[in-house]
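Tertiary structure, described
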Amino acid sequence: MIWVSQLISISLRGLITSLRTYLFAMGSPRDAAPVLVSKFMTRPDVKQKHLGCFLDWSLTSISQSSGDSMIEIRKLDGVLQSLAKLFKHGKRDDFLQYAPIVLCNLEKKRLSESSEAMLRKIHIKLIQRLGLTFLKPRLAAWRYERGSRSLAANLSVSHTTATVTAAVTETQEQEEDYDIPEEMETVIEHLLVGLKDKETIVRWSAAKGIGRVTGRLPKELADDVVGSVLDCFSFQETDNAWHGGCLALAELGRRGLLLPSRLTDVVPLIMKALTYDEKRGACSVGSNVRDAACYVCWSFSRAYDPKELQPFVTQIASALLITAVFDRNINCRRAASAAFQENVGRQGTFPHGIDIVTAADYFAVGMINNCYLNISVFIAGFPEYTKSMIEHLISRKINHWDGAIRLLATKALHNLTPQAPDYMATTVLPQLLTTAVGVDLHSRHGAILACGEITYALYKVALQSNRTVMDLVSSECVDALKNIHNLLHERKQYRGFGGALMRPAICSLIEKLSLSKMPFKNDPIITAWQSLIDDTIKNLNLFSSGVKEDVIVSVVTALAALSEEFYQDQENQADTQIQDALISQYLEGLKSPHLLTRCGSARALGCLPRFMIQSKLKQIFGGLEEMCTVTQKEGNFTEARRDAVRSVAQVFFKTGVCPHGSPDSVLCSENVVEVFSFLLCSINDYTTDSRGDIGAWVRKAAMTSLQDITLMVSSSAPEILSPHLVKSMMCCLAQQAAEQNDHYRAHAGNIFLHLLHNTEPEVPHIPHKEELLSIFPVETITSLNWNAPSQAFKYITQLLGLPEYQYHTLLGLCVSVGGITESTAHHSSQSLFTFLKGIQKDIDALTQFTQTLLGIFRNNLQNDRVSVPLLMMLSQMLANNFFEILTTQENHQVCVDLLGLCKELRKSRNVAKIRACIYVYCGLIQFEGDVRKKVLSQLLMLLCHTFPIIRKTTSAEMYEMLLTYNDVADPDVLEDVLNLLSDTQWDSDLATVRERRNQLCDWLGVPRPRPITKDPAQVL
């Protein structure tokens, strides 16, 4: 049997050697090897002979590993994992003698300073396992026990439970007095340092280690550990320390190791952690701290009896709700909501818990706008939370580094004002007025916005009881509100980077104070405010691109409110002097060389109240129209044209309609044609630049404006709408609804259906209304998805059968069918071909269709946006034999006209256009008569085009054409022609190519073209 034992010994050594090898391997084998080591080395027959040797080898590997390369790091990681598993699964008596040696070696290696997070994590894991080995496995007698969590246990016999508990407690008290090894100090020190590590996985492992080790310590030492954890919550520490401290407290609380006597120290720190937020550069840190603080509150709800947390209920509930509603990070809001819900369910002492949990659930807090503007109002309706929420917004959110949060906070304060108007007027507003002229930029910005919002909210509150805002706001606050602008102007705080925040903020303040009807009539501050607005419009080009739109919007809204409130005399008429000055100034701004100044001036004209437009309508409309006409021809200032089109609709919407009124005051029969012509012209704005089809912005604005003005006229004076105007409008909308851009097609289609089905008022003179209603039933308003090409084109192509709509619908369709967007081209061409199949046997309908098509081609010869896709669409129609009925007649006029139009494009330098012509020529070859020879002549001339790509394309298409239409060439020479087309290098020099081309001319019976040298772009 000796040889058997020797064989087993050899096998064991071989297995251990293999395990050592796999500890250094890559991938999943290295993850599995430590588990096998822990199971194998702790076997009774193995640990006696081989455990010590394996530990010696492990420590030697650790000491010899440098950790500089990935290979060394991988080896070190494998060995550390195996040690951690061994100390986790092995018996304490077997490993206690080795624990001090392993700890000493780890101390020498200084793995806590490693740059590798995984090494630091496994180091912390091993350290805590060593600490648990040093301590006896027991439950601390001093730990806090809320009671049994099991319903079955709670229903069992109480005296039996009491007897068992008493026996266990006595045993634990006897074990309370025993010596703690000196090494534990080192272990706890490493775990506390791990709480401050820069990586979350290390901090989390250290927190769990703190919880496990503390559970085996005596009460006094455990309290010292808790005190050391609380030292992490110092504002001298980093966010990593705060996060690690929160995780450790959560673990201690969850295990009952954080005694109720410590809650007075812990709860205030957790309240600070729930609002922890530090700005770092362009962002902030602290979301992980707030999330971990929510975890602490969640663990407290499960750990403590309600009577223990009763003194802190108000603090915890308010803090959790503030985080759930006002935190910037969605994960923190949801974590706070979950913690609040857990406390409501387990503690049952949170005020109005059920109602709030229903309103602020996991999904509701997902949308930050909903949290700030709706949920906050509901929660503030409970007096216990009102002031705490307002105070948090004032102290933490209006000075937030994120401008969006500041803006939401001010809107939230507006909504919360009705809950505590006196508190807002007497306490909050004076505090904000001091901050509004302070030093910090973000605080000043948020405070100015908040002052305006709160003042306007107080005005609404006063209005409900037939009072004025002056009855709620003190005269000192009113004077302070008025002087904010003067102070900022004196300090020159409208300049530079801060000006991009201060100007919109003051404009918002102007708007809110004007809406609040402040008693500033004829006050010098009105002139100062107007000067700021005018100066901002003139210098919009100086602002960064990210804030330009916000600045324009704030300036325009401020001007509208200021004009409405302070530029109207007692007879509800405009101050003539101010009216002339403003309108002249903004009309002059439409001629500015700066784009944004034009945009701002156009919007300013559109926002003026009705009494300011009276007697100036013709002048305003003329200025806007002139600017659009000039810039559309020049192809620049597209955004200004968009704003001008919107302003035209706003101006006429404010003045209203009067059939026999003055064209200088209202929309009437004298100017309605001019207004509609301007908007219809804007619908045809197809300006492009490096950004793409930017004219679409103008088209969308024009369509919206047409809808608004048409409905207004139809409601008040339908008699001034002529059939021609309505026809032009509906045809233009049909064209836009047939084009390729999904967004703008949907916009046009929805407006088309709205005007068609509108009954109050009903739009008069719509051409083919009955047929349109049959094509577009009323249910299509909601069911038809214009964004989907598969749905939209099935309907829009039916308009081709209506003569009034055929031209414009086909004009829009040709861009879609011949476009480059695959899905749009596919579905639009399918719908078009379905329509053509229905008329291809009807010679009259087909002739009318082709004449319309030729008319579009003729009108857009030099317009590449239309002509190129139209040619591509034509080539598809010819390839599908939709004109077969016309090919039976020799020299059909359609073919002659189409050939003539294509020949006019031969001097083009647009490669796409010429290639599209080639496809059309090859399709026209099916027409019989002399026109076939002319088509061949054009193709043969293109074989000697200046551009090699054109020559190659022509040869390839001719080859396919001759195979398809085998009657084009004489059968005797057809094979020679095909061979010549395929074998010739058509991108070689022109002299060689021309010789081959002339040979083809002879074979095909076409006269050889004569070289023309007048145009260098074309050599024939």
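Conventions and cut-offs
Residues numbered from 1 in each chain as written. Predicted model: local features only at pLDDT ≥ 70, side-chain atom pairs only at ≥ 80, totals over all residues. Heavy atoms only, no water. 1 Å grid on protein atoms, 1.4 Å probe; cavity = no way out; pocket = protein on both sides within 12 Å on 5 of 7 lines; lining within 4 Å. Points joined across faces, edges and corners; volume = space filled by probe spheres on them. Helix = DSSP H or I, 4+ residues; strand = E, 2+ residues; numbered from the N terminus. Salt bridge = Lys/Arg side-chain N within 4 Å of Asp/Glu carboxyl O. Buried < 20%, exposed > 50% of the residue type's maximum accessible area, 1.4 Å probe, protein only. Axes fitted to C-alpha atoms, helices over the stretch in contact; angles between N-to-C directions. Parallel < 35°, antiparallel > 145°, perpendicular 65-115°, else oblique. Left-handed = near helix turned anticlockwise from the far one by under 90°. Contact = heavy atoms within 4.5 Å. Nonpolar A, V, L, I, M, F, W, Y, C, P; charged D, E, K, R; others polar. Patch = residues over 30% accessible without salt bridge, like charges linked within 9 Å, V, L, I, M, F, W, Y side chains within 5 Å. Areas by Shrake-Rupley, 256 points an atom, 1.4 Å probe, with all protein chains shown as cover. Lys, Arg positive; Asp, Glu negative; His and termini not counted. Charge placed at Lys NZ, Arg CZ, Asp CG, Glu CD. Phe/Tyr/Trp six-rings, centres within 6.5 Å; stacked < 30°, edge-to-face > 60°. Lys NZ or Arg CZ within 6 Å of the ring centre and 35° of its normal. Disulfide = S-S within 2.5 Å. Expected span 1.5 Å × (residues − 1).

**Some remarks on empty space enclosed by the protein**
Counted by the stated rule, this structure contains two cavities of 30 Å³ or more. Of the pockets and cavities examined, the second largest cavity occupies roughly 40 Å³. Around the second largest cavity, the lining residues are Leu321, Ala324, Ser337, Phe340, Gln341, Ile356, Val357 and Ala360. Contributing elements (two or more residues each) for the lining of the second largest cavity: helix H17 (313–326), helix H18 (330–346) and helix H19 (353–359). With three residues, the top contributor of residues to the lining of the second largest cavity is H18.

**Structural notes on the pattern of salt bridges**
Applying the stated criterion to the full structure yields 34 salt bridges. Where arginine 745 meets aspartate 742, a salt bridge forms, and the shortest distance between an N and an O atom there is 2.6 Å. With arginine 745 and aspartate 742 both in helix H37 (residues 742–757) and three residues apart, the pair spans about one turn of that helix. The exposure class of aspartate 742 is partly exposed, given its relative accessible area of 29%.

**Observations concerning the packing of helix H41 (residues 803–817) against helix H43 (residues 843–859)**
Where H41 contacts H43, the axes come no closer than 10 Å and their chain directions differ by 50°. One way to sum up the angle between H41 and H43 is to call them oblique. You can see that H41 and H43 cross each other, and the crossing is right-handed. Contact residues: H41 offers Pro803, Gln806, Tyr807, Leu810 and Leu811, while H43 offers Gln848, Phe849, Thr852, Leu853, Gly855, Ile856 and Asn859. Each residue belonging to the contact of H41 with H43 can be placed in one class, and the counts come to seven nonpolar, five polar and no charged.

**A few points about the layout of surface pockets**
The computed volume of the largest pocket comes to approximately 670 Å³. At the level of elements, helix H22 (403–416), helix H24 (441–464), helix H26 (496–515) and helix H28 (548–566) are the ones that each hand at least two residues to the lining of the largest pocket. When residues of the lining of the largest pocket are assigned to their parent elements, the largest contribution, eight residues, is made by H26. In this structure, the second largest pocket encloses a volume near 430 Å³. If you go around the second largest pocket, you meet 20 residues; those closest to its centre are Asp693, Gln740, Asn741, Val815 and Arg865. Elements with a minimum of two residues in the lining of the second largest pocket: helix H35 (695–716), H37 and helix H44 (864–879). Broken down by element, the lining of the second largest pocket gets its largest block of residues, five residues, from H44. In terms of residue class, the lining of the second largest pocket is made up of nine nonpolar, five polar and six charged.

**A short note on a positive patch on the surface**
Taken together, the side chains of Lys903, Arg906, Lys907 and Lys934 make up a positively charged region of the molecular surface. Tracing the sequence through the fold places lysine 934 in helix H48 (residues 930–942).

**Observations concerning the packing of helix H4 (residues 70–89) against helix H7 (residues 117–134)**
It is at 9 Å that the axes of H4 and H7 come closest, and there the two elements cross at 25°. One element, H4, and the other, H7, form an angle in the roughly parallel class. Between H4 and H7 lies a crossing of left-handed hand. From H4, Ile73, Leu76, Asp77, Leu80, Gln81, Leu83, Ala84, Phe87 and Lys88 reach across to H7, where they touch Met118, Leu119, Ile122, Lys125, Leu126, Arg129, Leu130 and Thr133. The residue inventory of the contact of H4 with H7, partitioned by class, reads eleven nonpolar, two polar and four charged.

**Thoughts on the packing of aromatic side chains**
Counted under the stated rule, the structure contains 23 aromatic pairs. Measuring from centroid to centroid gives 6.0 Å for tyrosine 295 and tryptophan 298, while their planes differ by 25°, and the two rings are stacked. Highlighted residues: tyrosine 295 and tryptophan 298, both in helix H15 (residues 287–303), separated by three residues, approximately one helical turn. Arranged with centres 5.4 Å apart and planes meeting at 80°, the rings of phenylalanine 300 and tyrosine 304 form a pair that is edge-to-face. Both residues of the pair, phenylalanine 300 and tyrosine 304, count as buried. Of the aromatic side chains, those joined through ring pairs into one cluster are Phe752, Phe776, Trp786, Tyr795 and Tyr805. Arginine 598 extends its terminal NZ or CZ atom over the ring of phenylalanine 637, reaching a point 3.9 Å from the ring centre. Here arginine 865 stacks its cationic end above the ring of tyrosine 686, 3.4 Å away from the centre of that ring.

**Things to note about the side chain of threonine 710**
Inspection of the secondary structure assignment puts threonine 710 in helix H35. Look at threonine 710 and you get buried, because its relative accessible area is 1%. The contact partners of threonine 710, leaving out residues within four places of it in the chain, are Phe676, Leu721, Met729, Leu755 and Val763.

**Overview of a negative patch on the surface**
Residues Glu107, Glu182, Glu185 and Glu189 make up a contiguous surface patch of negative charge. Looking at the secondary structure, you find glutamate 182 in the loop between helix H9 (158–174) and helix H10 (183–194). The exposure class assigned to glutamate 182 is exposed, which follows from its relative accessible area of 72%.

**Focus: unusual backbone geometry**
Put simply, glutamate 760 and proline 761 share a cis peptide bond, and its omega is 5°. Among the structural elements, proline 761 can be located in the loop between H37 and helix H38 (769–775). With phi around 55°, phenylalanine 637 is a residue other than glycine that occupies positive phi space. Tracing the backbone shows phenylalanine 637 in the loop between helix H32 (617–634) and helix H33 (638–655). Despite not being glycine, histidine 768 shows a phi value in the positive range, around 55°. As for its position among the elements, histidine 768 is in the loop between H37 and H38.

**Side note on the environment of valine 815**
With respect to the helices, strands and loops of the structure, valine 815 is situated in helix H41. Valine 815 gets classed as buried once you look at its relative accessible area, which sits at 5%. Between the C-alpha atoms of valine 815 and valine 868, which are 53 residues apart in sequence, the distance is 8.5 Å. Once residues lying within four places of it in the same chain are set aside, the contact partners of valine 815 are Gln740, Arg865 and Pro869.

**Points about the state of the cysteines**
Counted according to the given criterion, the structure contains zero disulfides. Not engaged in a disulfide, the cysteine cysteine 814 finds its nearest cysteine sulfur in cysteine 902; these two sulfurs lie 14 Å apart. No disulfide involves cysteine 922; its sulfur sits 11 Å from that of cysteine 917, the nearest cysteine.

**What to know about H48**
Between its first and last C-alpha, H48 extends 19 Å over 13 residues, near the 18 Å set by a 1.5 Å rise per residue. Val931, Arg932, Val935, Leu936, Gln938, Leu939, Leu940, Met941 and Leu942 are the residues of H48 that are buried. Lining the buried residues of H48 we find helix H46 (893–903), helix H47 (911–924), helix H49 (948–964) and helix H51 (990–1004).

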